[in-house]
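The lines below spell out each chain.
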Amino acid sequence: MCAQEFFQAQRSQLVGRLALRSLENFESILDYLLSWEVLTWEDYESVSLPGQPLSTLARRLLDIIWNKGGQSCELLFAAVRKAEEAEEQTEPPRLWSQNVASPAQDLQRHRPVIVRKICGHVEGILDLLLERGFITKYECDEIRLPIFTSSQRARRLLDFAKIKENGVAQFLLQHVHQLPVLPAPFPDAAACRRYRAKLKATLSAQSRFLSTYDGSENLCLEDIYTENVLELRKGGGGGGAPGQRGCDTVGLPDIFSDSGCDNEHADTVLLVGEAGSGKSTLLQQLHRLWATGRLFQRFLFVFPFSCRQLQAVDKPVSVKTLLFEQCCWPDEGQQEVFQCLLDHPERVLITFDGFDEFKFRFTDGETHCSPTEPTSVQNLLFNLLRGNLMKSARKVLTSRPHAVTPFLRKYVRKELGLRGFSQEGIELFMRRHHSEPGLAERIVRLLKATSALHGLCHVPVFSWIVSRCHKELLQRGCGSPKTTTDMYLLILRHFVMHNSPGAAAWGPGAAAWGPGVPCLRPWLPTILRLGRLALWGLGTCSYAFSAKQLWARGVEEEDLSLGFLVRSKSFSQESAPSLEFLHITLQCFFAAFYLLLGADVRASALRHLFHRREQPGRSLARRFPVSCLRAPEPAEAEEAAASVSGLLQKAEPHNVQITAAFLAGLLSREHRGLVAPGQGAPGPLPRKQSLVRRSLALALRRHFRAIPPAVPGEAKSMHAMPEFVWLIRSLYEMQDERLAREAVSKLGVGHLKVTYCNIGPAECAALAFVLKNLQRPVALQLDYNAVGDAGLEQLLPCLPVCQALYLRDNNISDLGICRLVDQALQCEQFQKLALFNNKLTDDCAHSLATLLKYKQNFLALSDGKPRLSVYGKLRPRAIKWIAQDQASSKWQRQNVNPVPHFKSSSLSSVLLLLFRFEESLKLIKQIIICLPLLFVGLDLIHLLT
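Residues numbered from 1 in each chain as written. Predicted model: local features only at pLDDT ≥ 70, side-chain atom pairs only at ≥ 80, totals over all residues. Heavy atoms only, no water.

K.L.:
Lay out the overall build of the protein with the relevant residues and their values.
P.N.:
Across its full length, the protein carries 50 helices and 18 strands. Here the protein holds 945 residues, and 54% of them are scored as buried. Of the contacts formed within the protein by residues at least 6 apart in sequence, a portion of 77% connects residues at least 24 apart. In the structure as shown, the protein presents an accessible area of about 41600 Å², 53% of it carried by carbon and sulfur atoms. (Helix = DSSP H or I, 4+ residues; strand = E, 2+ residues; numbered from the N terminus. Buried < 20%, exposed > 50% of the residue type's maximum accessible area, 1.4 Å probe, protein only. Contact = heavy atoms within 4.5 Å. Areas by Shrake-Rupley, 256 points an atom, 1.4 Å probe, with all protein chains shown as cover.)

This is the structure we're talking about:
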């Protein structure tokens, strides 16, 4: 193979090596090609345009080299090797001989060595050139732009010397000979090595213990960390067409790999998960793996940040201030270390945890490119994510889904979704938290025996609650939690028990919450003070509280002993230590308690939970200029902000939804005896309960009225939005069968589409609780969610009203399908089932064959690309089960039932269709003649025999 042919064969690999490495590496390759005269000056200018994507420049360079012939192709390979070797080079190269007749040509011939020699002396050289009159102040400022690294400034200086004819090239060539070759800064600079060691030691200590969910004890992260299901989202995670979205499960070491990139020019990896899904713990594990030297060693520096801590920074900050003052300050050589970071951003990792708790929404309006000039913390963060600052530095951002906007996704390299624990993950979590013999097995048996509790435990925070409260669940007869409110009342009771002297006297066998009522009564003042603080924090988007803020909200020293407020993790030495709730959902839980029992909370204020009216100023601002609107007086604004209604209107909508669901759960009949003792008079609680019921019913009716009318001749279709899922969850939390029946009694839809809504087992239980009351059959589409086997079990109560069930890409296995089929055989209305892209194998073939055999009115079975073996990989026993069951079903030509339709690419679906007819054997023989024996093999022979 000649050089050009080999070059063309390796083109895709070359693009990857050129574009997926750093800009410094690409420019080093250009230096070698210029010095060897492979590239002309015009070629060089066309492949070094600022602002162009690196992949575009790489492909343009390959086109130029290809047109120059085989020798140029060989030299490109040599330049790539030398540029990659130069990253490890520390010894100075040999000097060169000067060509006084053509100094500009000499600068180009020895360009790689010259760039290396002057990159650490550019500032001094520019001052010298300015003093001698070789360069103007304007030209000097152009070269010194802060967006360029030291190497880029050196190259711009050489480019400037080539086009100048005033002797600058000759002067520069003479001066360069007197300079020493500086070593590569990161591996060898003593200040950088010491700073890296300090950062690793600090980060190792910070990430060693897991205290996110527990204030009473510290758990060693290495001992109890359990892998979360991490899913690679393709095409933006939620907006792509079916087939474009991926369901690939990846591990933590793969989050920085090049596979699955949506935007190869971006630097940000986005980790998305609902509250309690384990985002912060996963990020803490990432920090620990780097600090202990086990993974991610491609990064020399890792800088962790919490968005809830950053939003408390009210002074202007620069990149240097952010990295050093807000994270870890170097003991020596601050300027040297900072310059190393700017020169080699590809070796830096910056993580931002909890972007949804950042009160500023992402925008791409104001551009800020200077790493030394201060700006607001939100503007600095946004420009870091956009790549205007620290371009090529990797950034990891965690967030709940509601805070991820299309603007943000434009700058995301890869998006990953946290799906919670798998079944194996739940069992491993319990075993790692309980070393006592047999205890973890008893907890796992309890979970498997209780469907609703098992479904909740796929969320890591609920697994932690069950782990902490196993004594209450296993020994004290507290019943089985079914709702999220049940789980949080259980953990509240657990914390109160451990702070109450008489807790040991409570006997087993009592009612579910009976023993908790007398023990909670002494703690109600503490709960209300924590609730007042929680509500104020939600309304002001404050999640970390200073001592002054705690005192202003009336929180006392004894309230902290309950354990729900813990010290915030912060690397900054400047800020005073602050406290935060164990989890954002616990803050919402205490806020709901305060809304229910607070003496100053009127019932009318609760309307804002389920109906958030737009503020008048926002609607008027669209029609009138700002100068025409009267600004509120300071006293008026302070009074409005302090009111409960004002706090609810200013709080983040997603946090308000969580609070509303908790309030609905506290108002359920089961928990009415728990909250009634906190009311001084019997009037407020019934009024609040009645108002919440009406507001919830009104919100659902308003949502249903927004459904467009059906197309003539077709069934009415409804595409549910996340707000619909929240309203259904609130209904389920309230456990009001009558309200659920009334809510959907007049819902006349034939097709309910709930796709890309993060539906898990808990949401499936809520959907079944409400949809089982439908008056007419419905086609329920749950494609591209996280239903799983546990969620499928939760859906079984509503299966009798399902005419069709679409479950594409939901991580369902044979076990879940077998349970579904057992229930579907008893449901007369059930006629369609779609199972594309799930974890199905031949073990469920018998159940599917049974469904087709006994369901005479079944219309369609869509299995997409199952593991039921395609063509030559088809297992004989799977074909035998399907063939025997279908052949014995005694189908008649005059049967009025429609013929089932199969949407499958596998041969098994074709065979299933053919067995519906009496003359199927003749048709099968025709198929055998047409199909190559290479794909059929012995399986069809086994079938025919």
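From this point, things continue past the structure.
K.L.:
Before we move on, could you go through the packing of aromatic side chains and cite the residues and values that matter?
P.N.:
Under the counting rule described, the total for this entry stands at 34 aromatic pairs. Measuring from ring centre to ring centre gives 6.0 Å for Phe-462 and Tyr-488, while their planes differ by 85°; the resulting arrangement is edge-to-face. With a gap of 26 residues between them, Phe-462 in helix α25 (residues 460–468) and Tyr-488 in helix α27 (residues 484–497) connect regions that are remote in the sequence. Exposure class is identical for Phe-462 and Tyr-488. Each is buried. Ring plane angle 90° and centroid distance 6.1 Å describe the contact between Phe-545 and Phe-581, whose orientation is recorded as edge-to-face. Here Phe-545, found in the loop between α29 (524–539) and α30 (547–552), pairs with Phe-581, found in strand β11 (residues 579–581); they are 36 residues apart in sequence, far enough to count as distant. Comparing Phe-545 with Phe-581, the two get one shared label, buried. (Phe/Tyr/Trp six-rings, centres within 6.5 Å; stacked < 30°, edge-to-face > 60°.)

K.L.:
Describe in detail helix α45 (residues 845–854), supporting the description with residues and values.
P.N.:
Extensive coverage of α45 is indicated by the burial of seven of its 10 residues. Residues of α45 that are buried: Ala-845, Ser-847, Leu-848, Ala-849, Thr-850, Leu-851 and Leu-852.

K.L.:
Tell me about helix α37 (residues 653–666), and name the residues and values.
P.N.:
For α37, spanning 14 residues, the distance from its first C-alpha to its last is 20 Å, which sits close to the expected 20 Å at 1.5 Å a residue. Most of α37 sits out of view: 12 of its 14 residues are buried. Those residues of α37 not exposed but buried are His-654, Asn-655, Val-656, Ile-658, Thr-659, Ala-660, Ala-661, Phe-662, Leu-663, Ala-664, Gly-665 and Leu-666. (Expected span 1.5 Å × (residues − 1).)

K.L.:
Break down the confidence of the model for the protein for me, citing the residues and quoting the values.
P.N.:
Averaged over every residue, the pLDDT of the protein is 78; residues scoring 70 or more account for 78%. Confidence, read as mean pLDDT per element, is least for helix α49 (residues 933–936) in the protein (36) and greatest for strand β8 (residues 394–399) (96). Counting interchain partners and residues more than four positions distant, the pLDDT-below-50 stretch residues 87–95 has 10 contacts. For the stretch residues 503–518, pLDDT sits under 50, and the model shows 30 contacts to residues farther than four places along the chain or on other chains. (pLDDT = per-residue confidence, 0-100.)

K.L.:
Run through the pattern of salt bridges, naming residues and quoting values.
P.N.:
This model, assessed by the stated rule, comprises 38 salt bridges. Between Arg-194 and Glu-332 there is a salt bridge whose closest N-O contact spans 3.0 Å. Placement of the pair is Arg-194 in helix α14 (residues 190–207) and Glu-332 in the loop between α18 (319–325) and α19 (334–343), with a sequence separation of 138 residues. Overall, the relative accessible area of 48% leaves Arg-194 in the partly exposed class. You can call Glu-332 partly exposed: its relative accessible area is 37%. Between Glu-222 and Arg-288 there is a salt bridge, with the nearest N and O atoms lying 3.5 Å from each other. (Salt bridge = Lys/Arg side-chain N within 4 Å of Asp/Glu carboxyl O.)

K.L.:
Please provide a residue-by-residue account of unusual backbone geometry, values included.
P.N.:
Here the phi dihedral of Phe-296 falls at roughly 60°; this positive angle occurs in a residue that is not glycine. Structurally, the position occupied by Phe-296 is in the loop between α16 (279–291) and β6 (301–306).

K.L.:
Can you lay out the packing of helix α22 (residues 423–433) against helix α23 (residues 439–449) for me, pointing to particular residues and giving the numbers?
P.N.:
Two measures define how a pair of helices packs: the angle their axes make with one another and the distance between the axes. Packing of α22 against α23 leaves a shortest axis separation of 8 Å and a crossing angle of 145°. When the axes of α22 and α23 are compared, the crossing they make is right-handed. Along its contact with α22, which presents Gln-423, Ile-426, Glu-427, Met-430 and Arg-431, the element α23 presents Ala-440, Glu-441, Ile-443, Val-444, Leu-447 and Lys-448. Residue composition of the contact of α22 with α23, by class: six nonpolar, one polar and four charged. (Axes fitted to C-alpha atoms, helices over the stretch in contact; angles between N-to-C directions. Left-handed = near helix turned anticlockwise from the far one by under 90°. Nonpolar A, V, L, I, M, F, W, Y, C, P; charged D, E, K, R; others polar.)

K.L.:
Go over the packing of helix α2 (residues 11–19) against helix α5 (residues 54–68) with me, naming the residues and quoting the values.
P.N.:
Interhelical geometry of α2 versus α5 gives an angle of 135° and a closest axis separation of 9 Å. With respect to α5, the element α2 is oriented oblique. Crossing geometry of α2 relative to α5 is assigned as right-handed. Contact with α2, carried on its side by Arg-11, Leu-14, Val-15, Leu-18 and Ala-19, involves Leu-54, Ser-55, Ala-58, Arg-59, Leu-61, Leu-62 and Asp-63 of α5 and no other residues of that element. (Parallel < 35°, antiparallel > 145°, perpendicular 65-115°, else oblique.)

K.L.:
How would you summarise the nonpolar core if you had to cite specific residues and measurements?
P.N.:
Among soluble globular proteins, nonpolar side chains are generally buried collectively. In this structure, Leu-492, Phe-589 and Ile-817 are the most contacted members of the largest nonpolar core, which totals 147 residues. No other element matches helix α32 (residues 584–597), which puts 12 residues into this core. Non-local contacts of Leu-492, meaning those with residues more than four positions away in its chain, are made with Leu-520, Ile-527, Phe-564, Phe-589, Phe-590 and Phe-593. Counting 71 residues, the second-largest nonpolar core is a separate cluster that includes Ile-224, Phe-301, Val-377 and Leu-384. (Core = buried A, V, L, I, M, F, W, Y, C linked by side-chain atoms within 4.5 Å.)

K.L.:
Give me the lowdown on the sheet that holds strand β5 (residues 268–272), citing residues and values where you can.
P.N.:
Ordered by their spatial adjacency, seven strands build an open sheet running β4-β3-β9-β5-β8-β7-β6, and the pairing between neighbours is mixed. Since the sheet does not close on itself, it has two edges, and those belong to β4 (248–250) and β6, each with one partner. Strand-to-strand twist across the sheet, computed as the mean angle between neighbouring axes with direction ignored, equals 25°. When strand β7 (residues 348–353) meets β8, the two strands line up parallel, connected through four bridges. Its bridge partner lying in β8, Ile-350 is registered against Lys-395. Along the sheet face, α16 touches β3 (230–233), β5, β6, β7, β8 and β9 (412–418) and points at about 155° away from the line of β7. (Pairing = 2+ DSSP bridges.)

K.L.:
Report on the pairing of β8, specifying residues and quantitative values.
P.N.:
By the criterion of burial, β8 is predominantly enclosed, with six of the six residues buried. The side-chain alternation of β8 yields two buried faces, one formed by Arg-394, Val-396 and Thr-398 and the other by Lys-395, Leu-397 and Ser-399. Pairing analysis gives five bridges linking β5 to β8, with the strands arranged parallel. Note that in β8 the partner of Thr-268 across the bridge is Lys-395. What joins β7 to β8 is helix α20 (residues 377–386), and the crossover it makes is right-handed. (Right-handed = clockwise from strand over helix to strand, strands pointing away.)

K.L.:
For the environment of Pro-777, give the residues involved together with the corresponding values.
P.N.:
Relative to the elements of secondary structure, Pro-777 occurs in the loop between α42 (761–771) and β14 (778–781). For the pair Pro-777 and Cys-802, spaced 25 residues apart in the sequence, the C-alpha separation amounts to 5.5 Å. For Pro-777, the contacting residues outside a window of four places in its chain are Val-749, Gly-750, Val-801, Gln-803 and Gln-829.

K.L.:
Just give me the short version of the pairing of β6, but keep the residues and values in it.
P.N.:
In terms of residue burial, β6 counts as a mostly covered element, since five of its six residues are buried. Of the strand pairs in this sheet, β6 and β7 are connected by six bridges, and their pairing is parallel. Paired with Phe-301 across the strands is Val-348, a residue of β7.

K.L.:
So what's going on with a positive patch on the surface? Residues and values would help.
P.N.:
A cluster of basic residues, Arg-701, Arg-702, Arg-705 and Lys-746, forms a positive patch at the surface. By secondary structure assignment, the location of Arg-701 is in helix α39 (residues 684–705). A residue is classified by how much of its surface remains accessible, and Arg-701, at 45% relative accessible area, is partly exposed. (Patch = residues over 30% accessible without salt bridge, like charges linked within 9 Å, V, L, I, M, F, W, Y side chains within 5 Å. Lys, Arg positive; Asp, Glu negative; His and termini not counted. Charge placed at Lys NZ, Arg CZ, Asp CG, Glu CD.)

K.L.:
Could you give me a rundown of the side chain of His-671, with the residues and numbers involved?
P.N.:
Note on placement: His-671 falls in the loop between α37 and α38 (672–675). Polar side-chain contacts of His-671 include one of 2.6 Å to the side chain of Asp-486. (Polar contact = N/O pair within 3.5 Å; in protein donor to acceptor, adjacent residues only side chain to side chain.)

K.L.:
Hey, could you go over the side chain of Lys-414 for me, with residue numbers and the actual values?
P.N.:
Here Lys-414 lies in strand β9. At a separation of 3.2 Å, a polar atom in the side chain of Lys-414 contacts the main-chain carbonyl oxygen of Asp-254. Engagement of the side chain of Lys-414 in a polar contact is seen with the backbone oxygen of Ser-259, the distance being 3.1 Å. Residues in contact with Lys-414, not counting those within four places in the same chain, are Leu-232, Asp-254, Ile-255, Phe-256, Ser-257, Ser-259, Gly-260, Cys-261, Thr-268, Val-269 and Leu-270.

K.L.:
Break down the environment of Arg-529 for me, citing the residues and quoting the values.
P.N.:
With respect to the helices and strands, Arg-529 occurs in helix α29. A sequence separation of 30 residues divides Arg-529 from Asp-559, and the C-alpha atoms of the two residues are 7.9 Å apart.

K.L.:
Tell me about the environment of Ser-46, and name the residues and values.
P.N.:
For Ser-46, the location among the structural elements is in helix α4 (residues 41–46). Separated by 15 residues in the primary sequence, Ser-46 and Leu-61 place their C-alpha atoms 8.5 Å from one another. When neighbours within four sequence positions are excluded, Ser-46 is seen to be in contact with Leu-57, Arg-60 and Ile-64.

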